[in-house]
Amino acid sequence: MRTNAPELGADYLVAFLNTLDVEEQTDALDDAAAFESWAREHGVDAGERDETRRVRDALRLVVDGEAAELPAVQLTTTCGEGAIGLSARTAAEAAVASSVVLSIQGKLGRVKLCGGDDCRWAFYDSSRNGSRQWCSMEVCGNRQKARTYRSRREEQTDQA
């Protein structure tokens, strides 16, 4: 068993989903060395990049409320003092295990993708009623509200 195994849950899943940065048009999985470094920082083996990409893309669809076919990965159960858990070796396995843990806890729905089409950053919605739509109200929320305002103003001008 790895001594620096990842803490399964929302933080890991969000970090894994954010290996794809839509706004910057970068993908940490494109560069083998960068992905190895990311995996090491998160306490997992990188694993096979194509499988990892398929898992990530499927999980991004799932947290965005869409159906997806999740590639099969191998998860191992662990038993400790009064507890049973999941253990994962690779980045993809840890992401699936985190998703399973969050799903059992009823919290997977709190992992979301930003509603900004030009952002799509993953975040954990810790708001009381779980209604947060943007990764950042100050950035993406303001952008969307400004777009909506301009659109309404244009409609009013066109109607006049």
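Now for a description of the structure that goes with this document. Residue indices follow the written sequence of each chain, beginning from 1 at its first position. Local features are withheld for residues below a pLDDT of 70 in this predicted model, meaning they are given only at 70 or higher, and side-chain atom pairs are given and counted only at 80 or more; totals for whole chains, interfaces and linings count all residues. Think of the side-chain values as coming from all heavy atoms in the structure, minus any hydrogens and water.

**Here we look at the packing of helix 3 (residues 49-63) against helix 4 (residues 91-105)**
Comment: axis = line fitted to C-alpha atoms, over the contacting stretch for helices; angle = value between 0 and 180 degrees taken between N-to-C directions. Elements are defined by DSSP. Helices are runs of H or I of four residues or more, strands are runs of E of two residues or more, and each kind is numbered from the N terminus. Packing of helix 3 against helix 4 leaves a shortest axis separation of 8 Å and a crossing angle of 25 degrees. Taken as axis vectors, helix 3 and helix 4 run roughly parallel relative to one another. Helix-helix and strand crossings are classified by hand; for helix 3 and helix 4 the assignment is left-handed. In this structure, helix 3 uses Glu51, Thr52, Val55 and Leu59 to contact helix 4, whose residues at the interface are Ala91, Ala92, Ala95, Val96 and Ser99. Polarity classes work like this: nonpolar for Ala, Val, Leu, Ile, Met, Phe, Trp, Tyr, Cys and Pro, charged for Asp, Glu, Lys and Arg, and polar for all others, with Gly in that last group. Taken together, the residues of the contact of helix 3 with helix 4 break down into six nonpolar, two polar and one charged. Any angle that is under 35 degrees is reported as roughly parallel, and any over 145 degrees as roughly antiparallel; angles of 65 to 115 degrees are reported as roughly perpendicular and all others as oblique. Definitions for this section: a left-handed crossing has its near helix turned counterclockwise from the far helix by less than a right angle. A right-handed crossing has that turn clockwise. A contact between two residues is defined here by any heavy atoms of the two lying within 4.5 Å.

**Details of the nonpolar core**
The biggest cluster of nonpolar side chains holds 28 residues, and the ones touching the most others in it are Tyr12, Leu13, Phe16, Leu17 and Val111. Elements represented by at least two residues in this core include exactly helix 1 (10-17), helix 2 (32-41), helix 3, helix 4 and strand 5 (111-113). No other element matches the seven residues that helix 4 contributes to this core. Apart from residues lying up to four places away in sequence, leucine 13 is in contact with Leu59, Ala95, Ser98, Ser99, Leu102, Leu108 and Val111. In this description, a nonpolar core means a group of buried Ala, Val, Leu, Ile, Met, Phe, Trp, Tyr and Cys residues linked to one another through side-chain atoms lying within 4.5 Å. Exposure classes here rest on a 1.4 Å probe applied to the protein chains alone. A residue is buried below 20% of its type maximum, exposed above 50%, and partly exposed in between.

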